[in-house]
Amino acid sequence: RALDQQAIQNVMSRHVMYHCYGLHQEEVEQLWVQEPENQATASFGQNQGYYVGYPAIWGAYVDGHTESWLQSAKKYCSDNDIDVSGMSDEEILDIYGGVGQLLLHVTTTSLIEVADDGQTAKCFWYSPGMICETGQSGNTIWEAYGVDFVKEGNDWKIWHLHMYTDFTGSFYIDIPSSGSGGGQGGGQA
């Protein structure tokens, strides 16, 4: 059970890293359940909605995030007088590159309960984090993660991922759009 708990913690830490880098497609393809019977009952939930089954999860968690990222990229280009007419979505996202969003959802206070048969686990993490975008206000965000894992072969996979926000708070910091460091606070929390 101790080895299973560590393996589950590693999968959850990988989720955090994929999420921070906006790699939701890669996350779902590598960390989520792959067996058809598990995909049919997999779920993703957050304050904005609850989705069951892979097509619904893909639409909300993968396509929804990509669309949000694209809208942020277009706003960034508009705010910086970058003409994107005639560009593909991929080209616009390339401009946005490493500038855009900062998603940071660390996980703390892990509670991992592996079932007696060693095939499923119920888990909880608390996640203090932040969401920031260049030139826009940022938000601190405190969420509770309830996650069920199932073992497929020898690997633990995310089966149900529920991320519910307890509270958020906005702040504004003038983050320069290029260069490194040197940003001065533009407001208070």
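In the block above lies the structure referred to throughout.
A.B. asks: Please clarify how the pairing of strand β2 (residues 49-52) should be interpreted in this entry.
C.D. replies: Each regular strand shows side chains that alternate between the opposite faces of the sheet. Relative to β2, strand β1 (residues 43-46) runs antiparallel, the two sharing 4 bridges. In the sheet register, phenylalanine 44 faces β2, and the bridge partner there is tyrosine 51. The loop that links β1 with its antiparallel partner β2 comprises 2 residues.

A.B. asks: Explain helix α2 (residues 24-31) here, please?
C.D. replies: Since the α-helix packs 3.6 residues into each turn, any two residues three or four apart lie on the same face. When α2 is considered as a whole, its buried residues turn out to be His24, Glu27, Val28 and Leu31. Along α2, the residues classed as buried sweep out an arc of 105° about the axis, all on the same side.

A.B. asks: Any chance you could explain the pattern of salt bridges here in plain terms?
C.D. replies: Proximity of charged atoms lets side chains of opposite charge pair with each other. A complete count under the given rule lists 3 salt bridges for this structure. A salt bridge links aspartate 116 to arginine 1; the nearest nitrogen and oxygen atoms lie 2.5 Å apart. Placement of aspartate 116 in the loop between β4 (108-114) and β5 (120-133) and of arginine 1 in the segment before α1 (2-20) is noted, with a sequence separation of 115 residues between them. In terms of burial, aspartate 116 and arginine 1 fall into one category: exposed.

Here is what the cut-offs are and how they apply
- Residues numbered from 1 in each chain as written.
- Predicted model: local features only at pLDDT ≥ 70, side-chain atom pairs only at ≥ 80, totals over all residues.
- Heavy atoms only, no water.
- Pairing = 2+ DSSP bridges.
- Helix = DSSP H or I, 4+ residues; strand = E, 2+ residues; numbered from the N terminus.
- Buried < 20%, exposed > 50% of the residue type's maximum accessible area, 1.4 Å probe, protein only.
- Arc of directions from axis to C-beta.
- Salt bridge = Lys/Arg side-chain N within 4 Å of Asp/Glu carboxyl O.

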